[in-house]
Amino acid sequence: MSSFIHPTALISPSARIEMDVTIGSFCIIEDNVTINSGTIIKPGVQVCSNTSIGKDCQIFQNSIIGEIPQDLKYDGEETKLIIGDRTRIREFCTINKGTKASGETTIGSDCLLMAYVHVAHDCIVGDNTILANGVQVGGHVEIGSWVTIGGMTPVHQFTKIGSHSFIGGGYRIVQDIPPYILAMGEPLKYAGINNIGLRRRNFPPDIRNLIKKIYRIIFKSKTNMSDSIKLINDNYSMHKETNIIIDFIKNSNRGLI
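Overview of the structure. Here the structure is a predicted model, which means the values were calculated and not measured. (Residues numbered from 1 in each chain as written. Predicted model: local features only at pLDDT ≥ 70, side-chain atom pairs only at ≥ 80, totals over all residues. Heavy atoms only, no water.)

## Some remarks on the sheet that holds strand β20 (residues 136–137)
Note the threshold: Strand pairing is assigned whenever DSSP identifies at least 2 bridges connecting the two strands. In DSSP terms, a helix is any run of H or I states spanning at least four residues, a strand is any run of E spanning at least two, and both are numbered starting from the N terminus.
With parallel pairing, the 8 strands of this open sheet are ordered in space as β2-β5-β8-β11-β14-β17-β20-β23. Two strands close off the open sheet at either side, each with one partner strand: β2 (10–11) and β23 (154–155). Across 2 bridges, strand β8 (residues 46–47) lies against strand β11 (residues 64–67) in parallel orientation. Bridge pairing in β11 links Val47 to Ile65.

## Some thoughts on helix α2 (residues 205–220)
Put simply, the rule is: Every helix has an expected span of 1.5 Å times one less than the residues it contains. Buried means the residue's accessible area, taken with a 1.4 Å probe over protein chains only, is under 20% of the maximum for its type, while exposed means over 50%, and partly exposed covers the values in between. Between two residues, a contact is recorded if the distance between any of their heavy atoms is within 4.5 Å.
End to end, α2 covers 21 Å across 16 residues, agreeing with the expected 22 Å (1.5 Å per residue, within 8%). By the burial criterion, the buried members of α2 are Ile207, Arg208, Leu210, Ile211, Ile214, Tyr215, Ile217 and Ile218. Buried residues along α2 sit in contact with β26 (181–184), β27 (189–193), α1 (195–200), α3 (225–236) and α4 (240–250).

## Digging into the pattern of salt bridges
Filter applied, for reference: A side-chain nitrogen of Lys or Arg and a carboxyl oxygen of Asp or Glu constitute a salt bridge if their distance falls within 4 Å.
Taken as a whole and judged by the stated rule, the model has 6 salt bridges. Linking Asp71 and Lys73 is a salt bridge whose minimum nitrogen-to-oxygen distance equals 3.3 Å. A relative accessible area of 13% places Asp71 in the buried class. Exposure remark for Lys73: the relative accessible area of 64% places this residue in the exposed category. Across the pair Arg86 and Asp110 runs a salt bridge whose closest N-O atoms are separated by 2.8 Å.

## Quick word on the sheet that holds strand β7 (residues 40–41)
In plain terms, the rule: Whenever a helix is involved, its axis is fitted only over the stretch in contact; in every case the axis is a line through C-alpha atoms, and angles between N-to-C directions fall within 0 to 180 degrees.
Spatial ordering of the open sheet is given by β1-β4-β7-β10-β13-β16-β19-β22-β25-β26-β27, a layout of 11 strands whose pairing is mixed. Looking along the sheet, the strands with just one partner apiece sit at the ends: β1 (4–5) and β27. The pairing of strand β4 (residues 22–23) with β7 spans 2 bridges and is parallel. Bridge assignment links Thr22 to a residue of β7, and that residue is Ile40. Along the sheet face, α2 touches β26 and β27 and points at about 155 degrees away from the line of β27.

## A short note on the environment of Asp234
Along the chain, Asp234 falls in helix α3. Given a relative accessible area of 53%, Asp234 falls into the exposed group.

## Details of the packing of α2 against α4
Each packed pair of helices is defined by two parameters, the angle between the axes and the distance between the axes. So the rule is basically this: Should an angle fall under 35 degrees it is taken as roughly parallel, and over 145 as roughly antiparallel, whereas 65 to 115 is taken as roughly perpendicular and any remaining angle as oblique. By definition, turning the near helix anticlockwise from the far helix through less than a right angle yields a left-handed crossing, and turning it clockwise yields a right-handed one.
Direction vectors running N to C along α2 and α4 enclose 30 degrees, while the axes themselves pass 10 Å from each other. In terms of axis orientation, α2 runs roughly parallel to α4. In the packing of α2 onto α4, the handedness of the crossing is right-handed. Along its contact with α2, which presents Ile207, Leu210, Ile211, Ile214, Tyr215 and Ile218, the element α4 presents Glu241, Thr242, Ile245 and Ile249.

## A closer look at the environment of Arg90
As a reminder, the rule being used: Think of a polar contact as two N or O atoms within 3.5 Å of one another; within protein, one of them needs to be a possible hydrogen donor and the other a possible acceptor, and neighboring residues in sequence only count if both atoms come from side chains.
Looking at where Arg90 falls in the secondary structure, it is placed in the loop between β13 (88–89) and β14 (94–96). Counting along the chain gives 12 residues from Arg90 to Ser102, while the straight-line C-alpha distance between them is 26 Å. Other than its neighbours up to four places away in sequence, Arg90 contacts Phe60, Ser63, Leu112, Leu113, Met114 and Ala115. A distance of 2.9 Å separates the side chain of Arg90 from the side chain of Glu91, its partner in a polar contact.

## Quick look at the pairing of β27
As judged from the 3 bridges shared by β26 and β27, these two strands associate in the antiparallel manner. Paired with Ile181 across the bridge in β27 is Ile193. In textbook terms, the turn of a hairpin is the stretch between consecutive antiparallel strands, and for β26 and β27 this stretch comprises 4 residues, one of which, Gly185, has a positive phi near 95 degrees.

## Re the side chain of Arg208
Here is the rule we go by: Residues scored as charged are limited to Lys and Arg (positive) and Asp and Glu (negative), so that His and the chain ends carry no count.
Structurally, the position occupied by Arg208 is in helix α2. In this structure, Arg208 is buried with no salt-bridge partner, the nearest side chain bearing the opposite charge being Asp206 at 7.5 Å. Beyond its immediate stretch of four places on either side in the chain, Arg208 contacts Ile193, Asn195, Leu198, Arg199 and Phe203.

Structure representation (structure tokens):
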């Protein structure tokens, strides 16, 4: 099936547009852009240079994808934005390419970025992640897979958010959020494990109970973090979920919520 490109769209000669791509009216596709098959670009979208968009994506009206970073240290270096397959980017989203710090910003596959989301330079967003309306993600943020962040939430630069976590809308994320948990409140705090999300993703009851026991030790006991980690390793180290949690804590730079 051939592509449909509206006659008012401006397409750079160096852009690579695969078959079965739709590009709506008044779009701008800049140099060295790759748009893979089945992707739909709605009217008024600007896709900036060195952006790669995967298969079967949808990018809605007036989004600006791959623009240069809002970072005073950016000096015109050649960097990228990479978007996976089947990701939907709704109206008025802005996503910046990387800086020389990492060279790229990455959005995974099967993500949903709702209207007015901003993702800054050098971020990593994992697969199957949902950023609700108005989420504002600072630079160098790492978000795991299967994460949901509620609407109107600012995410401080350099924070890390573990996979399968759920963050309520309207709160500030200024410290790292470990995997598998619910985070709510002001200031943001542990509010239990993400039981509904884990059930939907076929985590068996014994693993959900294991995760709950681990986080009771981390957040509810009176032991310090190093003693908590030792206690967890002594009792639960045979499970991969334990190692995922411990590795996340050890690699946290901003401290946990």
